[in-house]
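# An overview of the molecular structure
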Amino acid sequence: MRSKFWLAYWSAGRLQNIRLFLPKWYLQKEPNKKSWQNLIKGERNRAILVAKLDNIYIAEVNNQGRLRIYDREPYWFNYKEVTYKQIQQAYFELVHHSSWQDEANKKIRELTIKPIPPKAR
């Protein structure tokens, strides 16, 4: 469900600067993926997707079911290494539940003042 939701924003041309932070063991397993190689320090089982969405920034944590929204570029956004604690300092946080997509769309629309892509509903 998360992939369908974010693909709707991607298809609408609204996601930019997409980055993936991965644990060290995975980066060592896939050494040839240098273009997207970013490290989440001190974590064994977390991967974090971060991206710019219009004028805001988002972070999705794979094993936690949380969406974090930042109303400005996080200071760590262009780092090659981050800690989970840095990611946690968001403007808005949403726990995934049965209607998380509606709540996320509402907050994204409020902050970006742009319509919701049809497939994100």
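Please refer to the structure higher up on the page.
Note on numbering: residues in each chain are counted from 1, in written sequence order. It should be noted that, the model being predicted, local features are given only for residues of pLDDT at least 70 and side-chain atom pairs only at 80 or more, the latter also being counted only at that level, while totals for whole chains, interfaces and linings use all residues. For the side-chain quantities, the full set of heavy atoms in the structure was used; hydrogens and water were omitted.

## Quick word on the environment of Glu81
Within the element layout of this structure, Glu81 appears in strand S6 (residues 81–83). Judged by relative accessible area, which is 40%, Glu81 ranks as partly exposed. Every residue pair with non-hydrogen atoms within 4.5 Å of one another is taken to be in contact. Every residue in contact with Glu81, bar those within four places of it in the chain, is listed here: Phe21, Leu39, Lys41 and Gln86. Numbering goes from the N terminus for both helices and strands, where a helix is a DSSP run of H or I of at least four residues and a strand is a run of E of at least two. Accessibility here uses a 1.4 Å probe with only protein chains present; expressed as a share of the type maximum, an area under 20% marks a residue as buried, one over 50% as exposed, and anything in between as partly exposed.

## Describing the sheet that holds strand S3 (residues 48–53)
Whether two strands pair comes down to DSSP finding at least two bridges between them. The strand order across the open sheet built from seven strands is S6-S2-S1-S3-S4-S5-S7, with neighbouring strands paired in mixed fashion. Each having just a single partner strand, S6 and strand S7 (92–95) make up the two edges of the open sheet. Taken over all neighbouring pairs, the strand axes of this sheet differ in orientation by 25° on average, direction set aside. In terms of strand pairing, strand S4 (residues 56–61) meets strand S5 (residues 66–70) through five bridges, oriented antiparallel. By the bridge assignment, Ala59 is partnered in S5 with Arg68. Fitting a line to C-alpha atoms yields each axis, with helices limited to the stretch in contact; the angle taken between N-to-C directions then spans 0 to 180 degrees.

## Focus on the layout of surface pockets
A water-sized probe, rolled over the atoms, reveals where empty space remains. Only protein atoms enter the 1 Å grid used here. Points where a 1.4 Å probe fits but cannot escape make up a cavity, open sets with protein on both sides within 12 Å along at least five of seven lines make up a pocket, and a residue lines them when an atom lies within 4 Å of a point. Grid points are joined across faces, edges and corners, and a volume is the space filled by probe spheres set on the points. Taken as a whole, the largest pocket spans an internal volume of roughly 250 Å³. What lines the largest pocket is Arg2, Ser3, Trp6, Leu7, Trp10, Leu15, Ile18, Leu49, Ala51 and Glu60. Of all the secondary structure elements, the ones that give two or more residues to the lining of the largest pocket are helix H1 (2–11), strand S1 (15–22) and S3. At five residues, H1 tops the list of elements feeding residues into the lining of the largest pocket.

## Some points on the nonpolar core
Side-chain atoms within 4.5 Å link the members of a nonpolar core, which is a set of buried Ala, Val, Leu, Ile, Met, Phe, Trp, Tyr and Cys residues. Within the largest apolar cluster, 19 residues are counted, with the highest numbers of intra-cluster contacts made by Phe5, Trp6, Tyr9, Leu53, Ile69 and Ile108. Looking at this core, the elements that each hand over two or more residues are H1, S3, S4, S5, S7 and helix H4 (100–112). Contacts of Ile108, omitting those with residues within four sequence positions, involve Phe5, Trp6, Tyr9, Arg14, Leu53, Ile56, Ile69 and Ile113. Of all hydrophobic cores here, the second largest spans 13 residues; its members include Val50, Val61, Val82 and Tyr84.

Shape is all these values report; function is a separate question.
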